[in-house]
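Coordinate inspection notes
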Amino acid sequence: MIITCAELNQFRSYEHCALTPCAGVNVLLGDNGQGKTNVLEALYLCCTGRSHRTRQDRELIRWGAEFAAVRVQAQRRDGDHDVEIALNALGRRRIKVFGQEISRSGELLGHVTGVLFSPEDLRTVKDGPAERRRFVDMALSQIKPAYYYALQRYARALKQRNETLKAIAAQPALAATLDAWDEQLAAAGAELMRQRRAYVEKLNAVASETHRDIAEGREKLEIRYQPSVTGGDDAEAVAEALFGARENDMRRLSTSVGAHRDDVQILVEGRDVRAFGSQGQQRTAALAMRLSELDVMREQLGEWPMLMLDDVMSELDPGRRRQLIGRLKGIQTFITCTDAEDLAGAAIGQAWRVENGELKDA
Ligand SMILES: Nc1ncnc2c1ncn2[C@@H]1O[C@H](COP(=O)(O)OP(=O)(O)OP(=O)(O)O)[C@@H](O)[C@H]1O
Ligand SMILES: [Mg+2]
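The structure presented is a predicted model; accordingly, all values stated were derived computationally and were not measured.

**Looking at the site of ligand 1**
Within the structure, ligand 1 sits among 16 residues, and Gly 33, Lys 36, Thr 37, Asn 38 and Ile 61 are positioned closest to it. A distance of 3.1 Å separates a nitrogen atom of ligand 1 from a polar backbone atom of Arg 12. Against a free-state accessible area of 660 Å², the protein chains account for coverage of 77% of ligand 1. The biggest single contributor to the shell around ligand 1 is helix H1 (residues 36–48), with three residues. Considering only residue class, the shell around ligand 1 consists of two nonpolar, seven polar and seven charged.

Rendered as structure tokens:
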């Protein structure tokens, strides 16, 4: 898949900006704070419906403006795709796909597909399980919009179950209504677990090679799914775990087991990189995970997603930089950097200089 055209209106620091990228390596070059990441953020928004930096739409709207809009046209194997997202300060969104307004947010997914590596990715490795679930959820949602709908069903059932737990404290007779929420939670949860397990296994299968390419030495990276429910990935096992936790949950007023408590373990040389990895090892593991995501998405989608690399080059030594650049053949890539020297050796197809919210051909 390649993006053939992108347009930003009142998005972050841009009043208006249009770009026609090449199918190969596209470079956004500029000093700090000029608007390079903002462009990647806009493209990523069209892939996932989310920013990688904020959950507040209002932050994406140019200061003083009332709305922001991003439009991306992409060429996939099955033809041209067109996605347009308009946001207003009240949190209202209007999303069009092929020029038609969609009614369910999941209909956005699968048209513009991409993988973003950004400095925020270090959090996937360093922070708590929520970041790692998000890592898996965002990739799977792009690959399978049905997964995204299962996530939505799960979140709704979880909210209802938690509300019921609180209501029971005042009205014990309501305990009988927990069965219905447990059933829904178990059905959606089991689906999430199966897909997560399969995805993490695929990720793990390519991760050690990806990691070896960009890591110093011969360290081995392993990625393992760690489900909250360990008795099996079927609805019965989840329902049983929920039932078993019920008494405890009624005391704590929240649901203590299920897919919302899943984790993914990241090991370098058999050790948890979160606890034992150096800063450099953590960074390399995070990059390797994104590059593995790229491989798995290709396998699952039948074509390469585009790749966005934010601020990655300055962190790698020349050898690893060469390795990374060598991997980019046939993949539409957007790279931000402050120093053109960092890209020595790359076949750059298109470059822009980013200055104060404007793009100029470089
Ligand atoms: N909603 C907004 N409206 C206007 N300007 C904004 C908005 N949000 C962020 N900015 C501006 O955008 C700029 C940051 O853009 P961006 O993060 O893309 O920079 P960058 O070129 O990637 O910098 P760095 O090299 O430091 O990563 C800042 O100057 C910030 O003030
Ligand atoms: Mg940046």
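Picking up where we left off.
**Comments concerning the sheet that holds strand E4 (residues 67–76)**
Overall, antiparallel pairing links the six strands, which are arranged E2-E1-E4-E5-E6-E7 in an open sheet. For this open sheet the edge positions go to strand E2 (14–19) and strand E7 (100–101), each flanked by a neighbour on one side alone. Set on the sheet, H1 makes contact with strand E1 (2–11), E2, E4, strand E5 (79–88) and strand E6 (93–97); between it and E1 the angle comes to about 110°.

**What about the domain arrangement of the protein?**
Accessible area lost during the coming together of the parts is what is often quoted as the interface size. Parsing the protein into structural domains produces domain 1 (1–113 + 306–362) and domain 2 (123–304). Averaged C-alpha coordinates put domain 1 and domain 2 at centres separated by 27 Å. Between domain 1 and domain 2, the contact holds 27 residues from the first and 25 residues from the second. Carbon and sulfur atoms supply 53% of the area that domain 1 and domain 2 bury against each other, a total of about 2,400 Å² over both sides. Residue Glu 303 pairs with Arg 76 through a salt bridge whose shortest N-O separation is 3.4 Å. Where domain 1 packs against domain 2, one counts eleven residue pairs in polar contact (both at pLDDT 80 or more). For the side of domain 1 that touches domain 2, the secondary-structure elements that each account for two or more residues are H1, strand E12 (306–309) and helix H10 (318–326). Grouping the constituent residues of the side of domain 1 that touches domain 2 by class yields twelve nonpolar, seven polar and eight charged.

**A few points about the pairing of strand E3 (residues 25–29)**
Within E3, five of the five residues are buried, leaving the element largely enclosed by the surrounding structure. Every second residue of E3 is oriented toward a common face, with Val 25, Val 27 and Leu 29 on one face and Asn 26 and Leu 28 on the other, all of them buried. Of the strand pairs in this sheet, E3 and strand E13 (residues 333–337) are connected by five bridges, and their pairing is parallel. Of the residues in E13, the one forming a bridge with Asn 26 is Phe 334. Relative to strand E14 (residues 348–355), E3 is paired through five bridges, and the arrangement is parallel. Bridging from a neighbouring strand, Leu 29 pairs with Arg 353 of E14.

What counts, and at which threshold
Residues numbered from 1 in each chain as written. Chains lettered and ligands numbered in written order. Predicted model: local features only at pLDDT ≥ 70, side-chain atom pairs only at ≥ 80, totals over all residues. Heavy atoms only, no water. Near = heavy atom within 4 Å. Polar contact = N/O pair within 3.5 Å; in protein donor to acceptor, adjacent residues only side chain to side chain. Areas by Shrake-Rupley, 256 points an atom, 1.4 Å probe, with all protein chains shown as cover. Helix = DSSP H or I, 4+ residues; strand = E, 2+ residues; numbered from the N terminus. Nonpolar A, V, L, I, M, F, W, Y, C, P; charged D, E, K, R; others polar. Pairing = 2+ DSSP bridges. Contact = heavy atoms within 4.5 Å. Axes fitted to C-alpha atoms, helices over the stretch in contact; angles between N-to-C directions. Domains from an automatic or database assignment. Buried area = accessible area lost by both parts, 1.4 Å probe. Salt bridge = Lys/Arg side-chain N within 4 Å of Asp/Glu carboxyl O. Buried < 20%, exposed > 50% of the residue type's maximum accessible area, 1.4 Å probe, protein only.

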